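Read off the chains here:
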Amino acid sequence: MGPWPLDPRGPLAESISVVYWILFACAVVVLAIVVGALTYSGIKFRDRPGRVAQQIHGSNSLEVVWTVVPTLMVISFTVLSWNRLNFINDVNSNVAMTVKVEGRQWAWGFTYPDQAMFKLPDGTLLQSGEQLDIPVGEKIKLELTAKDVIHSFWVPNLGGKKDAVPGHTTTMWIQADQPGTYKGQCFEFCGDGHADMLITVVAHPQAEYAAWAKTAVEDAARATSPETKAGHDAFLAGPCAGCHTVKGTTAAGKVGPELTHIASKPNIAGVLSPVNQENLTKWIHNAPSFKPGTLMPKFDGVLPDQQIDQIVQWLLTLK
Ligand code: CUA
């Protein structure tokens with residue numbers, strides 16, 4: 001993706017880049033006239049032996065020109081910007097959904113709107129950190145605030161930046177015209193971790209957005225369910241931790257592959273794909289039947305089925 005003035009990807013970024021290019025073109029013209037006149041005069045009227053400078057006093061027509069022209073330019077820029085600002089600041093009309101954004105040292109947190117599709121079984125709303133997923137072609141209102149110091153939300157290819165201020169709510173909107181991944185960054189110096197305070201906005205085709213939300217809600221529900229906790233405990237207490245490492249836990253076995261991000265892997269041990277509940281369950285029950293010679297023993301009948309289910313639920317949260 002190119003720099004935003006060359007590659008705006010939504011109506012907000014487009015409207016800002018139009019103003020940017022008009023101002024830039026006018027500035028280039030003014031620069032050319034000023035530098036051109038300066039260079040021309042410097043050469044034409046330079047000091048030469050025997051030459052006496054002509055003495056002149058004022059010029060009404062020049063005074064009028066360089067007063068009226070800049071005045072007209074500034075007035076047109078004001079009208080143009082005002083007109084665009086009305087569009088940019090209109091955060092409320094035709095909004096498809098409103099996402100709450102919180103900046104804190106040093107991460108962004110997003111809370112999805114109070115709609116059925118974002119509800120978890122425990123009644124809370126879907127939340128995410130760093131990455132915001134939106135549908136393409138829809139106006140998304142953002143309500144920004146901050147926990148500690150002032151941060152600033154900016155995804156250049158989607159639009160202008162807005163400060164996130166503690167104890168105060170500011171609003172802006174973004175819209176992506178095409179599916180894709182848009183990178184952004186905190187734009188207000190907020191301490192040590194400022195440079196790492198990144199934002200990723202992923203725009204999904206409208207038809208796929210509901211499916212994305214369903215998966216995200218399921219993942220979030222799984223990560224907080226009692227089964228997950230039971231699975232975590234069973235994994236660490238049982239034979240699994242003797243062979244496998246999961247970073248962030250006490251499981252540090254070196255015999256088998258590391259499972260820290262097993263749920264994001266394309267397959268299980270290179271033989272079972274995708275990594276889902278069904279395949280993980282089959283694998284744990286009887287790994288040697290899928291991969292003869294594997295060091296992973298058969299756990300069918302060794303661990304109770306319920307415990308295997310719980311372990312699988314927990315493994316699916318390791319992304
Ligand atoms: Cu947050 Cu800079």
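Whatever comes next refers back to the structure up there.
Residues numbered from 1 in each chain as written. Predicted model: local features only at pLDDT ≥ 70, side-chain atom pairs only at ≥ 80, totals over all residues. Heavy atoms only, no water.

**What to know about the overall build of the protein chain**
A tally of helices and strands in the protein chain yields eight helices and 10 strands. What you see for the protein chain is a C-alpha radius of gyration of 30 Å, clearly larger than the 20 Å of a compact globule of 319 residues, by over 25%. Considered along the principal axes of its C-alpha atoms, the protein chain spans approximately 110 × 50 × 35 Å. Expressed as a percentage of the 319 residues in the protein chain, the buried residues total 34%. Across the protein chain, contacts joining residues at least 24 apart in sequence account for 57% of those joining residues at least 6 apart. For the protein chain, the accessible area works out to roughly 18,300 Å², and carbon and sulfur atoms hold 61% of it. (Helix = DSSP H or I, 4+ residues; strand = E, 2+ residues; numbered from the N terminus. Rg over C-alpha atoms; globule rule 2.2 N^0.38 Å. Buried < 20%, exposed > 50% of the residue type's maximum accessible area, 1.4 Å probe, protein only. Contact = heavy atoms within 4.5 Å. Areas by Shrake-Rupley, 256 points an atom, 1.4 Å probe, with all protein chains shown as cover.)

**Observations regarding the pattern of salt bridges**
For the structure shown, the criterion picks out nine salt bridges. Put simply, Glu218 and Lys214 hold a salt bridge, and the shortest N to O gap is 3.2 Å. In this pair, Glu218 and Lys214 are both assigned in helix H3 (residues 206-224), four residues apart and thus about one turn of the helix distant. With relative accessibility at 38%, the residue Glu218 sits in the partly exposed group. Where Lys282 meets Glu278, a salt bridge forms, and the shortest distance between an N and an O atom there is 3.8 Å. One end of the pair is Lys282 and the other is Glu278, both in helix H6 (residues 277-285) and four residues apart, which spans about a single turn. Classification of Glu278 as exposed rests on a relative accessible area of 52%. Residues joined by salt bridges that share partners form a network here, namely Lys100, Lys141 and Glu143. (Salt bridge = Lys/Arg side-chain N within 4 Å of Asp/Glu carboxyl O.)

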